[in-house]
Amino acid sequence: MKKVYGSAAEALDGVLKDGILIASGGFGLSGIPELLLSAIRDSGAKDLTFASNNAGVDDFGIGILLQTRQVKKMISSYVGENAEFMRQYLSGELELEFTPQGTLAERMRAGGSGIPGFYTKTGVGTVIAEGKEVKSFNGEDYILEEGIFADLAIVKAWKADETGNLVFRKTARNFNPPAAMCGKVCIVEVEEIVPTGSLDPDSIHLPGIYVHRIVQGDHEKRIEQRTVRQKEGA
């Protein structure tokens, strides 16, 4: 089965529709599937729900889709770097399902493993628990969180072979693997595609069974918060 496509727009063809749930990889500004997000913006698809660790910044990541009002709802754990996100949420234009970071990763992993739900102590006694089932185990309360089963997963990896086996680089590995797992269709953008069999099996971070489409392209290397120490005597 052909997995390599010529562009992000080609890879999204026939999969992207209005109103779908998209799991998007990335951690801060590391590992964001920027080519696919740009193609989604250009497609004009609307009323989208995104499950993602964050919403990018105003001009990068999912932030570009907030600017064009294509996102209806965010399922996120951190939204503090995006002024437009905050404006839309506070004005009631954007729905938010706030989810603790570890819980979000586990919800994605659970969906990818066919697990409909799990219990966790994270969020007990807070607004996170509102409206959720609470169950006691050994005298302690836990809340039920549901697995995420996304219509589409978009992720970024460092390398892929032609069958979709993936290698991630450093922090980009954080949310991308569970995001990839939970999509009915998973599209991956990579920096390099290598021949099948050239990757060390012990170095593969996500097997190609989860990957349906691959696109190669150039990526921007952004630093979210650059902090430097002032020179002594300056």
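It should be noted that the structure appears before, not after, this text.
Q: Pulling in residues and values, what's your account of the pattern of salt bridges?
A: The full count for this structure, using the stated rule, is 13 salt bridges. A salt bridge links Glu97 to Arg107, with the shortest nitrogen-to-oxygen separation between them at 2.9 Å. One end of the pair, Glu97, is in strand S5 (residues 95-98); the other, Arg107, is in helix H5 (residues 101-112), and ten residues separate them in sequence. One salt bridge connects Asp151 with Lys184, and the closest N-O pair in it is separated by 3.8 Å. Here Lys184 lies in strand S11 (residues 183-194) and Asp151 lies in strand S9 (residues 150-161), a separation of 33 residues in the sequence. What makes Lys184 exposed here is its relative accessible area of 60%.

Q: Describe the environment of Val194, listing the residues and the values that go with them.
A: The topology assignment puts Val194 in strand S11. Taking the C-alpha atoms as reference points, Val194 and Asn165, 29 residues apart in sequence, are found 9.9 Å from one another.

Q: Can you break down a nonpolar patch on the surface residue by residue, with the values?
A: A cluster of nonpolar side chains, contributed by Met86, Tyr89 and Leu90, occupies part of the molecular surface with about 340 Å² of accessible area. With respect to the helices and strands, Leu90 occurs in helix H4 (residues 83-90). Owing to a relative accessible area of 72%, Leu90 belongs among the exposed residues under this scheme.

Q: Go over the sheet that holds strand S8 (residues 140-146), please, and point to the residues and values.
A: Strands sit in the order S6-S8-S7 across an open sheet of three strands; the sheet is antiparallel. The sheet terminates laterally at strand S6 (117-120) and strand S7 (134-137), the two strands that pair on one side only. Taking each pair of neighbouring strands and ignoring which way they run, the sheet shows an average axis angle of 40 degrees. Here S6 pairs with S8 via four bridges, running antiparallel. By the bridge assignment for S8, Phe118 is matched with Glu145. Packed on one face of the sheet, H5 meets S6 and S8 and runs near 155 degrees to S6.

Q: For the pairing of S5, give the residues involved together with the corresponding values.
A: As paired strands, strand S4 (residues 71-76) and S5 are joined by four bridges and run parallel to one another. The residue bridging Lys73 from the neighbouring strand is Glu95, located in S5. The handedness of the S4 to S5 crossover, carried by H4, is right-handed.

Q: Which residues make up the environment of Glu84, and what values do they have?
A: Inspection of the secondary structure puts Glu84 in helix H4. Judged by its relative accessible area of 16%, Glu84 falls in the buried class. Taking the C-alpha atoms as reference points, Glu84 and Asp59, 25 residues apart in sequence, are found 9.7 Å from one another. Residues in contact with Glu84, not counting those within four places in the same chain, are Asp58, Leu66 and Arg69. Polar side-chain contacts of Glu84 include one of 3.4 Å to the side chain of Arg69.

Q: Can you explain helix H2 (residues 34-43)? Please cite residues and give values.
A: Along H2, the positions that sit buried rather than exposed are Glu34, Leu36, Leu37, Ala39 and Ile40. In the core, the buried residues of H2 are packed alongside helix H1 (8-12), strand S2 (21-24), strand S3 (48-51), helix H3 (63-67), S9 and S11. At the C-terminal side of H2, Gly44 shows a positive phi close to 85 degrees.

Cut-off values and rules
Residues numbered from 1 in each chain as written. Predicted model: local features only at pLDDT ≥ 70, side-chain atom pairs only at ≥ 80, totals over all residues. Heavy atoms only, no water. Salt bridge = Lys/Arg side-chain N within 4 Å of Asp/Glu carboxyl O. Helix = DSSP H or I, 4+ residues; strand = E, 2+ residues; numbered from the N terminus. Buried < 20%, exposed > 50% of the residue type's maximum accessible area, 1.4 Å probe, protein only. Patch = residues over 30% accessible without salt bridge, like charges linked within 9 Å, V, L, I, M, F, W, Y side chains within 5 Å. Areas by Shrake-Rupley, 256 points an atom, 1.4 Å probe, with all protein chains shown as cover. Pairing = 2+ DSSP bridges. Axes fitted to C-alpha atoms, helices over the stretch in contact; angles between N-to-C directions. Contact = heavy atoms within 4.5 Å. Right-handed = clockwise from strand over helix to strand, strands pointing away. Polar contact = N/O pair within 3.5 Å; in protein donor to acceptor, adjacent residues only side chain to side chain.

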